[in-house]
Amino acid sequence: MNIQYKIFSKGCLDVLPLLIPVVPFGIIFGVIGIESGLGSTVTFLMSIIIFAGSSQLAFAQLFTGGATTPVIVSSVAIVNSRHFLYSAVIAQYLTKVKLFWKIVLSYFLTDQAFIVSQKYFKQQPKNKDRHYHLLGSGFTLWFVWQLSTVAGIILGEVIPKELNLAFAVPLTFISLIIVDIKKIDHLIVAITSGVFAIIFFNLPLRTYIIVAAAAGILVAYGLSHSKLHKKK
Amino acid sequence: MIWTALIFAGLVTFFTRFSMIALLKKDYFSPRVKIVLGYVPSAVFPAIIFPAVFLNSTGQLVFLDNPKVLAALVAVLVGYLTESVIATIISGLAVLWLLIFFI
């Protein structure tokens, strides 16, 4: 077993705990895709072409509401703009890999893969094969996402809406930041973002996500001043 | 029309992921920018969490008489104590189902 394969496998394993909510989310997307009238082909291909859950749900909702292509595409862009920030964080670890790798790994850069692989990259400052970890976490998530979407398409109307499985989405995001927000500075940033999201929820095109994230980042920038000086 | 929307949505999503990876060179970031980037999850995820917990299906703010608020609070508490992704999600869903189906 060579070292690349070992790192790839570690990526696959590390992301597994985060997949539990991904399965119901994928199933929900499959069900909602069918209910929105996207059809099974478009619903299935959307999970491959976009491969970003919350924006896929936004796409389905907007399509049902009769939104035009520019509105749908810009909404997807807004919901996924957080990837710019993930991309910036991951970029510092991928400066030495080939363009082909950058393209493949960018496609796999989801919330969950970002969380586990960024953690691994931080621990491996000198490992030249560390990018295999992101391939492992990203591919595993991709595979499970496609299977869950198919399951959702098949199950369709069989799953009772009363189960409120969509609630697994905020719970997932809570579980992803729970360790960070034990620190008071992170908690301040998180509450700022959350409160802004509620206040600006009715802005058009789901832009509240951008407004809330910008507010959070701005507060973080202010807090980073004291953190930077503490380090010296 | 739907195919155009799908292809462009896919391209734009890929672009958000590829953008900085394609552009940046080593040591592009100042120490301060690196610190701020560490706050990114805390700055973005609550924008998804808060509306999903505190708003009802018509976008109205509901604190009381909202089972999602109590379920989320229990999930936060369990997550705080266990630091386990699975325990956090399962406890939240379990409380939600308990409140919806049994109380």
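Residues numbered from 1 in each chain as written. Chains lettered and ligands numbered in written order. Predicted model: local features only at pLDDT ≥ 70, side-chain atom pairs only at ≥ 80, totals over all residues. Heavy atoms only, no water.

1. Looking at the overall build of chain B
Consideration 1: Along its length, chain B carries five helices and zero strands.
Consideration 2: Residue burial in chain B is summarised as follows: out of 103 residues, 48% are buried.
Consideration 3: Once local pairs closer than 6 in sequence are excluded, the contacts in chain B between residues at least 24 apart make up 22%. (Helix = DSSP H or I, 4+ residues; strand = E, 2+ residues; numbered from the N terminus. Buried < 20%, exposed > 50% of the residue type's maximum accessible area, 1.4 Å probe, protein only. Contact = heavy atoms within 4.5 Å.)

2. Here we look at helix α6 (residues 82–91) of chain A
Consideration 1: The buried fraction of α6(A) amounts to eight of the 10 residues, a majority that puts the element mostly inside the structure.
Consideration 2: Of all the residues in α6(A), the buried ones are A:Arg82, A:His83, A:Tyr86, A:Ser87, A:Ala88, A:Val89, A:Ile90 and A:Ala91.

3. Quick look at the packing of aromatic side chains
Residue and element names in this part refer to chain A.
Consideration 1: For the structure shown, the criterion picks out 18 aromatic pairs over all chains.
Consideration 2: Where phenylalanine 51 meets tyrosine 107, the ring centres are 5.5 Å apart and the plane angle is 35°; that geometry is what we call tilted. On the criterion of sequence distance, the pair formed by phenylalanine 51 in the loop between α3 (40–49) and α4 (53–64) and tyrosine 107 in helix α7 (residues 99–107) is long-range, its members being 56 residues apart.
Consideration 3: On the basis of relative accessibility, which here comes to 2%, the residue phenylalanine 51 falls in the buried class.
Consideration 4: Here phenylalanine 139 and phenylalanine 143 contribute two aromatic rings whose centre-to-centre distance is 6.1 Å and whose plane-to-plane angle is 25°, an arrangement assigned as stacked. One end of the pair, phenylalanine 139, and the other, phenylalanine 143, are both in helix α9 (residues 131–155), four residues apart, so they sit about a helical turn from each other.
Consideration 5: Here phenylalanine 139 falls in the partly exposed class, since its relative accessible area comes to 35%.
Consideration 6: Classification of phenylalanine 143 by relative accessible area gives partly exposed; the value is 44%.
Consideration 7: Here a set of aromatic residues connected by ring pairs shows up, and it is made of Phe51, Tyr107, Phe108, Phe139, Trp142 and Phe143. (Phe/Tyr/Trp six-rings, centres within 6.5 Å; stacked < 30°, edge-to-face > 60°.)

4. Some words on the interface of chain B and chain A
Consideration 1: Contact with chain B, which involves 67 residues of that partner, is made by 94 residues of chain A.
Consideration 2: Across the interface of chain B and chain A, roughly 7100 Å² is buried in total on both sides, 80% from carbon and sulfur atoms.
Consideration 3: When the area that chain B buries against chain A is broken down by residue, the three leading residues are B:Arg17, B:Arg32 and B:Tyr39, summing to 12%.
Consideration 4: Connecting chain B to chain A are one salt bridge.
Consideration 5: Measuring nitrogen to oxygen at the nearest pair gives 2.6 Å for the salt bridge that ties A:Lys182 to B:Glu83.
Consideration 6: In this structure, the connection of chain B to chain A is made through 18 residue pairs in polar contact (both at pLDDT 80 or more).
Consideration 7: The set of elements that each furnish at least two residues to the side of chain B that touches chain A consists of α1 (2–23), α2 (31–37), α3 (40–54), α4 (67–82) and α5 (85–101) of chain B. (Buried area = accessible area lost by both parts, 1.4 Å probe. Salt bridge = Lys/Arg side-chain N within 4 Å of Asp/Glu carboxyl O. Polar contact = N/O pair within 3.5 Å; in protein donor to acceptor, adjacent residues only side chain to side chain.)

5. Some thoughts on the confidence of the model for chain B
As a note on interpretation, predicted positions should not be read in detail where pLDDT is low.
Residues and elements named next belong to chain B.
Consideration 1: Taken residue by residue, chain B gives an average pLDDT of 88. The fraction at 70 or more is 95%.
Consideration 2: At the level of individual helices and strands, chain B shows its lowest average pLDDT in α2, which scores 79, and its highest in α4, which scores 96.
Consideration 3: With pTM at 0.68, the complex prediction returns an ipTM value of 0.84. (pLDDT = per-residue confidence, 0-100.)

6. Section: the side chain of A:Ser47
Consideration 1: Here A:Ser47 shows up in helix α3.
Consideration 2: Discounting chain neighbours no more than four positions away, the residues touching A:Ser47 are A:Phe29, A:Gln56, A:Trp145, A:Gln146 and A:Thr149.

7. A short note on the pattern of salt bridges
In a structure, side chains of opposite charge can pair up when their charged atoms sit close to one another.
Residues and elements named next belong to chain A.
Consideration 1: Inspection of the entire model under this criterion finds three salt bridges over all chains.
Consideration 2: Lysine 10 is paired through a salt bridge with aspartate 14; the nearest N and O atoms lie 3.2 Å apart. Linking lysine 10 with aspartate 14, this pair stays in helix α1 (residues 3–15), spanning four residues, or about one helical turn.
Consideration 3: Relative accessible area serves as the criterion here: at 36%, lysine 10 is assigned to the partly exposed category.
Consideration 4: On the basis of relative accessible area, aspartate 14 is assigned to the partly exposed category, the value being 26%.

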